[in-house]
Amino acid sequence: MRTKAIAISLVLGFAGADAACAGPLEPVPESTTTTTEAPGVNTVDANTASTDEIAEALRRHGVINTGRWSFEVERFRPYPTDDPKLATLRKDLSQYNVEPDVIDAIIGSLHV
């Protein structure tokens, strides 16, 4: 019984040492990201990307008929750089009576 107590003490002692070496826990900062992905993270620049680059980004975001939508993205260029949520493009695409989730996927594929 004494051997078990010593073993348990050693294990708990090592666990405590690991915790002590780790230092104080730092608070995790709140996320500052928005629903739009940061430029370069699975998105392409709506103003400068090629048709193929736009189509690939759309495909990665689950958009079907990427050829048509990449054409439409290019057609409405240029997009204002002070419009990071691409509201202008969203309005332009809405004229086609597209489902909102499709428009969200298209917008989520792009950045300016």
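Quick caveat, the model's predicted, so the values are computed rather than measured.

1. What to know about the overall build of the protein chain
1) Next: Counting secondary structure elements, the protein chain contains five helices and two strands.
2) Next: Shown N-terminal to C-terminal, the secondary structure of the protein chain runs as helices and strands in the order α-β-α-α-α-α-β.
3) Next: Among the 112 residues that make up the protein chain, the fraction classed as buried is 26%.
4) Next: Once local pairs closer than 6 in sequence are excluded, the contacts in the protein chain between residues at least 24 apart make up 56%.
5) Next: For the protein chain, the accessible surface area stands at approximately 7900 Å², while carbon and sulfur atoms represent 59% of it.

2. Structural notes on the nonpolar core
One broad trend across soluble globular proteins is that nonpolar side chains are buried collectively.
1) Next: Membership of the largest hydrophobic core comes to 20 residues, with the highest contact counts inside it found for Val-73, Leu-89, Ile-106 and Leu-110.
2) Next: It is helix H5 (residues 100-108) that provides the largest number of residues to this core, a total of four residues.

3. Some points on the pattern of salt bridges
1) Next: Tallied over the full model, the rule gives five salt bridges.
2) Next: Of the charged contacts in the structure, one is a salt bridge between Glu-74 and Arg-77, with a shortest N-O distance of 3.8 Å.
3) Next: With a relative accessible area of 25%, Arg-77 lands in the partly exposed category.
4) Next: Each of Glu-56, Arg-59 and Arg-60 takes part in a single network of salt bridges with overlapping partners.

4. Quick word on the packing of aromatic side chains
1) Next: Inspection of every chain in the model, using the stated rule, returns one aromatic pair.
2) Next: Taking 6.0 Å as the distance between ring centres and 70° as the angle between the ring planes, the aromatic pair formed by Trp-69 and Tyr-96 counts as edge-to-face. One end of the pair, Trp-69, is in helix H3 (residues 66-75); the other, Tyr-96, is in the loop between helix H4 (87-94) and H5, with 27 residues separating them in the sequence.
3) Next: Residue classification places Tyr-96 among the partly exposed residues on the basis of a relative accessible area of 25%.
4) Next: When the ring centre of Trp-69 is taken as origin, the NZ or CZ atom of Arg-68, which lies over that ring, is 4.3 Å away.

5. Points about the environment of Gln-95
1) Next: As for its placement among the helices and strands, Gln-95 is situated in the loop between H4 and H5.
2) Next: Looking at Gln-95, its side chain comes within polar contact range of the main-chain oxygen of Asp-92, at 3.3 Å.

6. Looking at the packing of H4 against H5
1) Next: Running from N to C, H4 and H5 cross one another at 145°; their axes reach a closest spacing of 10 Å. As for the relative orientation of H4 and H5, their crossing is right-handed in sense. Seen from H4, the contacting residues are Leu-89, Arg-90, Leu-93 and Ser-94; seen from H5, they are Ile-103, Asp-104, Ile-106 and Ile-107.
2) Next: Considering only residue class, the contact of H4 with H5 consists of five nonpolar, one polar and two charged.

7. Focus: the confidence of the model for the protein chain
Any region with low pLDDT has predicted coordinates that should not be read closely.
1) Next: For the protein chain, the mean per-residue pLDDT works out to 78, and 63% of the residues sit at or above 70.
2) Next: The low-confidence segment residues 3-12, where pLDDT is below 50, has zero contacts with residues more than four positions distant or belonging to other chains.

How each quantity is defined
Residues numbered from 1 in each chain as written. Predicted model: local features only at pLDDT ≥ 70, side-chain atom pairs only at ≥ 80, totals over all residues. Heavy atoms only, no water. Helix = DSSP H or I, 4+ residues; strand = E, 2+ residues; numbered from the N terminus. Buried < 20%, exposed > 50% of the residue type's maximum accessible area, 1.4 Å probe, protein only. Contact = heavy atoms within 4.5 Å. Areas by Shrake-Rupley, 256 points an atom, 1.4 Å probe, with all protein chains shown as cover. Core = buried A, V, L, I, M, F, W, Y, C linked by side-chain atoms within 4.5 Å. Salt bridge = Lys/Arg side-chain N within 4 Å of Asp/Glu carboxyl O. Phe/Tyr/Trp six-rings, centres within 6.5 Å; stacked < 30°, edge-to-face > 60°. Lys NZ or Arg CZ within 6 Å of the ring centre and 35° of its normal. Polar contact = N/O pair within 3.5 Å; in protein donor to acceptor, adjacent residues only side chain to side chain. Axes fitted to C-alpha atoms, helices over the stretch in contact; angles between N-to-C directions. Left-handed = near helix turned anticlockwise from the far one by under 90°. Nonpolar A, V, L, I, M, F, W, Y, C, P; charged D, E, K, R; others polar. pLDDT = per-residue confidence, 0-100.

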